[in-house]
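# Observations on the model geometry
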Amino acid sequence: MTDCLFCKIVSGDVPAKIVRESDRTVAFRDINPQAPTHVLVIPRDHHPNVAALAAADAELLAELLREAGQVAAGEGIDGTGYRVVFNTGAQAGQTVFHVHAHVLGGRGLNWPPG
Ligand code: AMP
Ligand code: ZN
């Protein structure tokens, strides 16, 4: 999608601090981090949210989650713990409608989230 911010990060038209890449995914640092580690993992293909991705390509969703785990290991937070979040829809705070897993950690995380 030409006017999608995260499609532009995939294509390289918008710069990002890339942490990790696979054939079908890209992981990069959130521009407004909410924790010491805050990385977004996205599929290269455009899907608007996690439910749409699950319906369209379950294997790609599995790869996205494997990559989220690899990001956590690479950041050294797999032992202490981390959270994977898919905000879905406006009321949940989704602002970019290209599915992305937030990988958050490096400090104690409150539960329930706000
Ligand atoms: P959400 O609100 O769940 O849709 O998450 C979108 C996330 O994208 C927010 O945490 C933003 O800080 C982040 N974000 C927006 N623009 C950029 C960008 N150019 N590079 C990296 N992260 C971004
Ligand atoms: Zn997109």
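Our subject is the structure listed above.
Description of the structure in this document. (Residues numbered from 1 in each chain as written. Chains lettered and ligands numbered in written order. Predicted model: local features only at pLDDT ≥ 70, side-chain atom pairs only at ≥ 80, totals over all residues. Heavy atoms only, no water.)

## Examining the sheet that holds strand 2 (residues 25-29)
With antiparallel pairing, five strands are arranged side by side in an open sheet as 1-2-3-5-4. What marks the edges here is a single partner per strand, and that holds for strand 1 (18-21) and strand 4 (82-85). Along the sheet, successive strands turn relative to each other by an average axial angle of 20°, direction set aside. Here strand 4 pairs with strand 5 (residues 101-105) via four bridges, running antiparallel. (Pairing = 2+ DSSP bridges. Helix = DSSP H or I, 4+ residues; strand = E, 2+ residues; numbered from the N terminus. Axes fitted to C-alpha atoms, helices over the stretch in contact; angles between N-to-C directions.)

## Some points on the packing of aromatic side chains
One pass over the full model with this rule turns up one aromatic pair. Relative to Phe28, the ring of Phe6 has its centre 5.3 Å away and its plane inclined at 80°; by these criteria the two rings are edge-to-face. Separated by 22 residues along the polypeptide, Phe6 in helix 1 (residues 5-11) and Phe28 in strand 2 bring together distant segments of the chain. What makes Phe28 buried here is its relative accessible area of 3%. (Phe/Tyr/Trp six-rings, centres within 6.5 Å; stacked < 30°, edge-to-face > 60°. Buried < 20%, exposed > 50% of the residue type's maximum accessible area, 1.4 Å probe, protein only.)

So far we have only geometry, and geometry alone does not tell us how the molecule works.
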